[in-house]
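Chains, contacts and geometry: an overview
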Amino acid sequence: MKKIKEIIVASSLLLCGACGNNWLDLEPSTYMPTDNIINELNDIDLVLNGVYSTMQNAYAYSGRFVYYADATGDDMQAAKVSNRTGSYYVMKFTKDDSPSTFWSYPYFMLNLCNLAIEQTDKIETTEEDLKNYYLGEAYALRALFHFDLTRFYGYPYQKDGGKSLGVPIVTTQLAPETQLPRNTVAECYTQVIEDLKKAIDLMDNDEGKAFQKGHINRWASMLLLSRVYLYQGDNENAYKMATEAIAGAEKAGYHLWSTEEYPTAWAADAGDAKTAGEVLFEIVNTTDDGPGNESLGYLHNTKGYYDICVTSSFYDLLTEDPNDVRIQLLKLKEDVGYFVYKYQPQSGEVIQNANIPLLRLSEAYLIAAEAAQKLGDNTNAVKYLNPIVERANPENSVEGTTVTLERIMTERRKELVAEGHRMFDALRDGGYVERIDSPKPKTPNTHLVMDAAAMKFNWDYYKCVLAIPKAEMDVNKSLEQNPEYGN
Amino acid sequence: MSKESNQKYPQGRRLLFSLAIVSLSLLGSVFSAAAAQTGSRTAITQQQQPLKGTVVDEKGEPIIGATVFVKETKNGTATDIDGKFSLPAATLQQTIVVSFMGYVSQEVKVNGKNDLRIVLQPDNKVLEEVVITGYGTYKKSAYAGAASTVKTSELKDVPMVTFSDMLQGSAPGVQISSASGQPGASTSINIRGLGSFNASSQPLYVIDGVPVTSGNYSALDSDAGLDIMSTISSSDIENITVIKDAAAASLYGSRAANGVIVITTKKGKVGKPVVNLKADWGFSDFAMDYRPIMNGKDRREFIYSAIKNFYLGKNYSEENALEYADYYIEKYAAEPWCGYVDWDKLLFQKGSHQSYEVSVSGGTDRVKYYTSLSYLDQEGIVKKSGLQRTSGRINVEYKATDKLTLGGNMLFSTVKQNVYSEGASYTAPFYAARSKVTPSDAPFNEDGTWNRNLLSNGERNPLLAMEYDFDREYMTRSFNTIYGSYEFIPNLILKSTLSYDYNINKGREWDDPHTSNGEKYNGRMHQLWSETKKVVWANQLTYNITIQDDHHLDFLLGYETDAYDYDYINGTKTNFAHYQKNALSNGSEISSFGGYDSHSRLVSYLARVNYDFRNKYFLGGSARIDGSSRLAADNRWGCFWSASAAWRIIEEGFMDPAKDWLSDLKLRASYGVNGTLPSDYYGYQGLASLTSSYMGSPAYSLSQIENLNLGWEKNHNLNIGLDFGFWNRLNITLEYYVRRTKDLLMDYPVSMITGYSSYLRNIGEVKNSGVELEISSTNFDKKDFKWNTTFTLSNNKNKIVTLDGDQTEIISGSQIRQVGKSYRTFYLIEFAGINPETGAPQFYTNTKDDNGNYVKEITENPTKAYRIPMKHAEPIVTGGLSNTLRYKWFDLNFMISYQFGGYSYDNWAQKTEHGGSEEDLNIPTYYKDAWKKPGDITQYEVANWEQKYPMKSYATSRRLHSTDFIRLRNLTFGITLPQNWTKKAGLQTVRFYASGNNLLTWAKWDYYDPEAVSAGTAGWGTPPTKTMTFGVNITL
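The structure reproduced in this document is the subject of the present report. Bear in mind that the values here come from a model prediction, so they are computed numbers and not experimental data.

Calculation rules
- Residues numbered from 1 in each chain as written.
- Chains lettered and ligands numbered in written order.
- Predicted model: local features only at pLDDT ≥ 70, side-chain atom pairs only at ≥ 80, totals over all residues.
- Heavy atoms only, no water.
- Pairing = 2+ DSSP bridges.
- Helix = DSSP H or I, 4+ residues; strand = E, 2+ residues; numbered from the N terminus.
- Contact = heavy atoms within 4.5 Å.
- Salt bridge = Lys/Arg side-chain N within 4 Å of Asp/Glu carboxyl O.
- Polar contact = N/O pair within 3.5 Å; in protein donor to acceptor, adjacent residues only side chain to side chain.
- Axes fitted to C-alpha atoms, helices over the stretch in contact; angles between N-to-C directions.
- Parallel < 35°, antiparallel > 145°, perpendicular 65-115°, else oblique.
- Left-handed = near helix turned anticlockwise from the far one by under 90°.
- Nonpolar A, V, L, I, M, F, W, Y, C, P; charged D, E, K, R; others polar.

Considerations on the sheet that holds strand S42 (residues 841–844) of chain B
Across a sheet, strands are paired by hydrogen bonds formed along the backbone, either parallel or antiparallel in direction. Residue and element names in this part refer to chain B. Strands sit in the order S41-S42-S45 across an open sheet of 3 strands; the sheet is antiparallel. Unpaired on one side and paired on the other, strand S41 (831–834) and strand S45 (858–859) mark the two borders of the sheet. Sheet topology note: the S41/S42 ladder contains 2 bridges and is antiparallel. Looking at the pairing, Ile 834 lines up with Pro 841 of S42.

Some words on the interface of chain A and chain B
One widely used convention gives an interface's size as the accessible area the parts lose upon coming together. Taken together, the contacts link 85 residues of chain A with 86 residues of chain B. The tally of links between chain A and chain B comes to 3 salt bridges. Here Lys80(A) and Asp920(B) are joined by a salt bridge, their closest N and O atoms 3.4 Å apart. Summed over the shared surface of chain A and chain B, the result is 23 residue pairs in polar contact (both at pLDDT 80 or more). Listing elements by their share of the side of chain A that touches chain B, those giving two or more residues are helix H1 (2–15), strand S1 (31–33), helix H2 (41–55), helix H5 (101–120), strand S3 (279–283) and helix H20 (470–475) of chain A. Pairing between S1(A) and strand S30 (residues 687–689) of chain B: 3 bridges, direction antiparallel. Bridge pairing in S30(B) links Met32(A) to Ala688(B).

Quick look at the environment of Asp906(B)
All names here are of chain B. Tracing the backbone through its elements, the reader meets Asp 906 in strand S49 (residues 903–906). Counting along the chain gives 111 residues from Asp 906 to Thr 1017, while the straight-line C-alpha distance between them is 6.1 Å. For Asp 906, the residues in contact, after removing those within four places along its chain, are Arg 291, Arg 959, His 961, Tyr 1008 and Ala 1018. Looking at Asp 906, its side chain comes within polar contact range of the side chain of Arg 291, at 2.8 Å.

Some remarks on the packing of H2(A) against helix H6 (residues 128–153) of chain A
Residue and element names in this part refer to chain A. At a closest axis distance of 10 Å, the pairing of H2 and H6 adopts a crossing angle of 25°. The pairing of H2 with H6 is recorded here as roughly parallel in orientation. The handedness of the crossing between H2 and H6 is left-handed. Two secondary-structure elements touch here, H2 through Leu 41, Ile 44, Asp 45, Leu 48, Val 51, Tyr 52 and Met 55 and H6 through Leu 130, Lys 131, Tyr 134, Glu 137, Ala 138, Leu 141, Leu 144 and Phe 145. Here the residues of the contact of H2 with H6 are counted per class, giving 12 nonpolar, no polar and 3 charged.

Description of the packing of helix H15 (residues 361–374) of chain A against helix H16 (residues 378–392) of chain A
The axes of two packed helices give the description: the angle between them and the distance between them. Residues and elements named next belong to chain A. Between H15 and H16, the least distance of the axes is 7 Å, while the angle of their chain directions is 145°. Where H15 crosses over H16, the two elements pack in a sense that is left-handed. Here Ser 362, Tyr 365, Leu 366, Ala 368, Ala 369, Ala 372 and Gln 373 of H15 lie close against H16, whose contacting residues are Asn 380, Ala 381, Tyr 384, Leu 385, Pro 387, Ile 388 and Arg 391. For the contact of H15 with H16, a count of residues per class yields 10 nonpolar, 3 polar and 1 charged.

Overview of the sheet that holds strand S16 (residues 260–265) of chain B
Residue and element names in this part refer to chain B. Read from one edge to the other, the open sheet built from 5 strands follows the order S10-S15-S16-S13-S14, with strand pairing classed as mixed. The open sheet terminates on both sides in strands that have one partner only, identified here as strand S10 (147–151) and strand S14 (210–211). Two strands pair when backbone bridges link them, and strand S13 (residues 204–207) and S14 are joined in this way by 2 bridges, in the antiparallel orientation. The partner of Val 206 across the bridge, within S14, is Pro 211.

Rendered as structure tokens:
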């Protein structure tokens, strides 16, 4: 009897030392439950930081999204086909290997923007300006991503007035299994313009007008909107918005770099500055969250991968005037080519962590000049072009001349090289990307072997837009692939 | 009566009678005294002179280590190397019991005799394999499930560097693959096919009854990995049982869907201490010529014709074309100042290894112990790579009282691994030697400085990187188990086991200021530190009972908890004062610093009952309920179960006529359900990541979609087995199985416009079915000559049954997951050979006609060709043939393994085909067969600088190659010195051996090693090596 008792007591002690269900409730140390992240205004800032942090990625704005239009244009080229920029340069991608990050990153960030937009309204706060500024940032960024998606996947607006397919517009957080068809390019532009207008309104306060290092503000949003209008062919609005941006930004302390500042400002202003300079919006990279070796800093550097250099034709163009200050940004890598040193590290940092200026006051001048010229307003065209021309070489001036569109576009090429504009600029008004070598190349590099179709193309070339990535096509049955890429 | 007698006998006669009685009784007492005296004299003799005896087998050979004990007193001993034993004095009435594994125990009445000669007869039943499931040990004849046992006693002669070497080819249905042949590299083991896609498809490892951590524990996350099994010395392993069906595996519940590998370490045996010393030395090399490339001269010729052909194609005159070729060839294939360079000689070496082991084991009837210490030092085939291990073990069991047994198993092991990158990084030895660095690249300049201007690699000189940079892994494991069991009444035992598996992993990654990797940082040190703890507490109540002699029942009830904790920290610093002093503290700038912890827990209740009737009919059932922290509260409890039955037909009366030739016939069947947990500890939760930041401020990032319905993968496992035995010599086991794994965990792809690309769901179903055959035969069993042969063959068919019920295919790189097909089915453009007229590659368009058939139209434009599913990675048959021969002093083992019917995709052809696109890389030797003139029939396109559609840019079936091979996995030759020699030196046994691994290989496609393939893809990992070992094994 005693034995049985003994058995029961000992066994039940060991066999039923039951750990309850609660013992099995565990949470990860580096994540929060999604439902629980937004409780106060500061949390919106953290969500926006999530957006900027994603932009930092070398597969997004610290790399691919920027070099894409340079590599596919005619002012820069991959030093070798096997380089990281090589496949873009020779327009190699097919429907099967079209890189997915051009698609996935913007939508990933759009989801965060939409989270911020949806949640901000619910937050009670007395800091109304700050709240509006955050909301404005979210709208402006949402516009930027939709606009870039449209540039990557949709034909230029002016090809057919935006009738062709752009990308699915996403303005709310979507349920996991949502599938949406592509909107037209025109619909995308409408959404982008609407969001930017909202952002500009929301940021019409002290927060939005102030210098916001590494964050988009009112002036950067205006510049972006003027660029959108310009692409659309709406020159009046483009002019209006660009000039407003210039006036507003300069009132807030922004200013064009001087000739003397120019060669080093890329590190000093776009890097270390704590006050307003020329850069309206940049991505700030730091040592502890650097984008790594695939970043623009490393690809454009003779000590990095020296991946993408200027073409011989562009070298000729820029060196037309041997005293152009911008020549000082070119660095020769023996036997390889000339590299553009716009992505310079901040003090104490390595080149991989160079900041990425995305919206620069110079562009606003160039847009104002271009829009004015297209509107037949030579006075203003000269007014806004001249500061750029004079800065490049104080001995030059366009004052008193009638500037042609070509003159302005040439200045734009010289000024904005390596900043992710060229192919879009070349095609947006119906022009061509033309890869021809200088008859007497002064660079070690000449164009590499590629399909003849890629040597000269306009918006009719099917590869001037990317194929929608295969992974997306496989899942989202409501999507239509870009023409001529095949099934 | 006395009156009567008084009356009958007169006084005198009475006296006489009395005297007679007295004298008789006296005589009797003298006799008895004499007898008593003899007895006590015997006793005295025995106290002074112990009882001696010899134990021999049926052939008269001495049996070493047989247990001999006195039945009455339980005092005992063991026989020595001559089979001799001696016991303290025993009385005439005493009985000794002599037993030895594999023989029938004998009771011998001493009866005063000395110098006993005891002949033990082999016990055929006991000689059978034992199946150790971790929850019980069964004779194979009484086991209803499917398990393969690797008896290490048979393998003891084969020097094994890793644990997986022991399994290679020995266990049917077990497939071992490793992406790397680096020492210590992680190994992947699949039992009966691939049963899981996204969760682990690896089996559960159980060591001495305790489920342990397994898999890759590389701190640096190196390409080769560092397998935690490398902490264990294979000499410490007594037995490996691979559980393949549900019968025993279901007791492991939610972790057992992919089988269980049960490892039992050595225990002491009763007897005086046995000291075993073992030492071996050897060297290793590539098992096969691996991805050979053109030498400097051949490469120059190829490129020369490529340039020439380019200009001819542009309508230049032959003369001009040659002029250009002469000019450019010096840019791409010049002979450097030191002559063409063989980078293999610079980056690779002959590997070597040495190991030393000592073990001491023994025991009394109360205490048994086994202790060992071993040291292993391996150098890999890449310079500066290698592995060192020091490992010690103590297994002790102590019988405290008749009822209480206490024990402990302790392992302490440290491993250091010098590892290198096997990916496509510029300075990775294989990528450099086989692609990036050519014979035209000199390692040094003529002035003795490092060449920092390589053709394709630029300043990234791999030899320079090898000289200064390093990647090192350190692992220290302490795996301790203590247990106690208490027998309340006979056969009712409560056992409690507490196990603590503690592992520290460290990694150091140094980029030196001298090298392209570290100069921009002026030195960079990345250091990682992680701690893994696994605490398992298992309690079991078992009871065995026999009712009316015929009914045997055994019961088990259990409760277990398993808690896993992982803690990790890592940091990187740059800018060092001196390159040789690279301690983290010496770096002047922090470039990264981070850490996190993660946890997983499991609570389980289990029960089992086994029944048999007269060892003829067997029935078993088990159930386990698991609760896991990896699933949502409402969904985390799962029940797993099994049922099994066996029928030993041979025991039936009607089989009697056949018994003279048929020694065994058994039919087995089992069915059950077990599971697989998600690999992700928090996979069901909707999560926002906190690890990103911007400008020093924290950030939220939406990273995971919630799925509260997430559950286990459920594996429904049917096994039917048949065992035959003929003449007690030839045994055949046949198994048929069907494994259906349902609710497969899949990263279900969603449209990326949602901001996510996939989430974890229980979607799919996969079926593995197959047969396994094992034939083992004792060809000769003479005193001087023994020869055993074992042949195994297994076939597995893998088939995707459903993906999500919606999608019927998911494309994954070069493979397609298609319903009805094997998981690793390739998906490629079909290559149609080289156009004999132009030398251009051709492809089949494979458009579909109205009937859904592929149209085999030929095109030279691969963008017009459709990819189609073709072939699969999984071999159709695998197996091995092993032979063990022993003649007098000599023994010979060899094992051949083979595999047929599978394919691999050469992933790296995208880098090497046509030597890349710019003529600055290495060119595979097969391009020597490139098309040269019209009419040439070949698989390789013309050499031309400009290729309209470069082969390297398209995933075509030309990269698909058979993985059929036959390999002499092991060959060992040993000499055991005669005992009458060694005895004089005071040694029990001395054996010298020489052994080779992978000495010979036949491969259908031999450009790369068919085993240098992982998940159907051939990468640039280190291939398997060929190893020669020489060793000596001494028992004191």
